[in-house]
2 protein chains.
Amino acid sequence: MHRTKVRVVEDALDANNTIAHANRADFDRATVKVVNLMSAPGAGKTTLLERVLADGLDGIRPGVLEGDVQGSFDADRLSVLHVPVTQINTDPGFGGECHLDANMVRSALPAVPLDDIDLLVIENVGNLVCPAEFRVGEDARAMVCSVTEGEDKPLKYPLMFRTSELVVVNKADLLPHLDFDLDRFFENLDAVNPGVARMVVSARTGEGVGAFRDWLLEVAAAGE
Amino acid sequence: MHRTKVRVVEDALDANNTIAHANRADFDRATVKVVNLMSAPGAGKTTLLERVLADGLDGIRPGVLEGDVQGSFDADRLSVLHVPVTQINTDPGFGGECHLDANMVRSALPAVPLDDIDLLVIENVGNLVCPAEFRVGEDARAMVCSVTEGEDKPLKYPLMFRTSELVVVNKADLLPHLDFDLDRFFENLDAVNPGVARMVVSARTGEGVGAFRDWLLEVAAAGE
């Protein structure tokens, strides 16, 4: 019984990878770089994007693909910045899928103006577990972790922290009001992903957000 | 293709419900009431439980079943309170299951001293989506939502908020440092689950935690 379950899962992940490669090929043809942006619910992905996109990206043309169980709250927030935003809702599946997979992204691609953008940021569903299991054709993964979530999160959700190229520690403005130990968080992070790139920001105040902007520009420029 | 997928999911949920009923029968035989405690990662479920269990429950004997992808950090924190704690790790499945289901709970039951407790609190995996989809045999569902997560969460993760009997708004001590609008949060909550029981607490300072303790005692006493 257990073996059967594992085999089905492997097949599902294989199919996902096949479709992720197809997405990747489409992105390459359009010379679009892609970032898969992940976090727990409410860690501040959208606020971070608002900050970065409002300031512009040095001529790099961004687009956003928004993944949510239901609604288009984040897409509405970002669309006022005159950035092309495409919404995926996952609620038709299984009471709401908790992640984006390659096929969901693929189904949205006809609505994404790939020829008019250079960098696509895919804002995944807020969840520290399953989004990490599904490649969607991205060049790089960034995750946002809020200081309000506690220092133990890398150890409790290791796959997410292990498979990200960048960990953005957000809500730094709240540090004076918390017992959060940043050094211990980084020790836990290094235990699961030694030396991974990291930055401390406050999307609310703007502190440190320039470093995330620079990282996006690096992803956009890679291989050119 | 799509129809096949839906059918498989319905079967999976049917099987889950069958096992949840079996769990429920075991809990009833042992006269144990069960709370399924859910939240996003880092919302403060464990800290809330630490507060409540440290103070005792008026002679009600509690037990805890801890669900985590990996590790036993929360179980270790609670076990010093001399409460029986059983750990379920979900990492053998699919790179880490993002929720507890009835079968996972059932597999842990032989390690739970049902005859020695009156109230079992099941601390689910931190996730606002899938835990809401799986009944595990509980009497009641409580969810914790931190004020740092934003007012939009009931609208973005409606199933979780809709299927909970109690919504605990945690980290109230941070309200002076946030832009969080509690009234708007409650409006959004009422839009998906009108009139659901709610309380505002700070597990960190202890403010309001007595109300959660009283709610647990009510669940424990129901039907007696």
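Residues numbered from 1 in each chain as written. Chains lettered and ligands numbered in written order. Predicted model: local features only at pLDDT ≥ 70, side-chain atom pairs only at ≥ 80, totals over all residues. Heavy atoms only, no water.

Examining the pattern of salt bridges
Thinking step 1. For the structure shown, the criterion picks out 34 salt bridges over all chains.
Thinking step 2. Among the salt bridges present, the one from Asp152 of chain A reaches Lys153 of chain A, with a minimum N-O distance of 2.7 Å. Pair check on accessibility: Asp152 of chain A and Lys153 of chain A agree, each one buried.
Thinking step 3. Linking Asp26 of chain B and Arg29 of chain B is a salt bridge whose minimum nitrogen-to-oxygen distance equals 2.4 Å. A residue pair is termed a helical-turn pair when its members lie 3 or 4 positions apart in one helix, as Asp26 of chain B and Arg29 of chain B do in helix H1 (residues 2–29) at three residues.
Thinking step 4. Taking the relative accessible area as the measure of exposure, Arg29 of chain B reaches 63% and is therefore exposed. (Salt bridge = Lys/Arg side-chain N within 4 Å of Asp/Glu carboxyl O. Buried < 20%, exposed > 50% of the residue type's maximum accessible area, 1.4 Å probe, protein only. Helix = DSSP H or I, 4+ residues; strand = E, 2+ residues; numbered from the N terminus.)

Things to note about the packing of aromatic side chains
Residues and elements named next belong to chain A.
Thinking step 1. In total, this model carries eight aromatic pairs over all chains according to the counting rule given.
Thinking step 2. The interplanar angle of 70 degrees and the centroid separation of 6.2 Å between the aromatic rings of Phe161 and Phe185 together place this pair among those described as edge-to-face. With Phe161 in helix H6 (residues 158–162) and Phe185 in helix H7 (residues 182–192), this pair connects stretches of sequence that are 24 residues apart. Both residues of the pair, Phe161 and Phe185, belong to the buried class.
Thinking step 3. Ring plane angle 10 degrees and centroid distance 6.2 Å describe the contact between Phe212 and Trp215, whose orientation is recorded as stacked. (Phe/Tyr/Trp six-rings, centres within 6.5 Å; stacked < 30°, edge-to-face > 60°.)

A few points about the interface of chain B and chain A
Thinking step 1. Each partner contributes to the interface: chain B provides 39 residues, whereas chain A provides 39 residues.
Thinking step 2. Between chain B and chain A, the buried area comes to about 3,400 Å², and carbon and sulfur atoms account for 59% of it.
Thinking step 3. At the junction of chain B with chain A, the criterion picks out six salt bridges.
Thinking step 4. We note a salt bridge from Asp74 of chain B to Lys156 of chain A, for which the minimum N-O separation is 2.6 Å.
Thinking step 5. Linking chain B to chain A there are 13 residue pairs in polar contact (both at pLDDT 80 or more).
Thinking step 6. The set of elements that each furnish at least two residues to the side of chain B that touches chain A consists of H1, helix H3 (73–79), helix H5 (153–156) and helix H6 (158–162) of chain B.
Thinking step 7. Per-class residue counts for the side of chain B that touches chain A are 19 nonpolar, eight polar and twelve charged. (Contact = heavy atoms within 4.5 Å. Buried area = accessible area lost by both parts, 1.4 Å probe. Polar contact = N/O pair within 3.5 Å; in protein donor to acceptor, adjacent residues only side chain to side chain. Nonpolar A, V, L, I, M, F, W, Y, C, P; charged D, E, K, R; others polar.)

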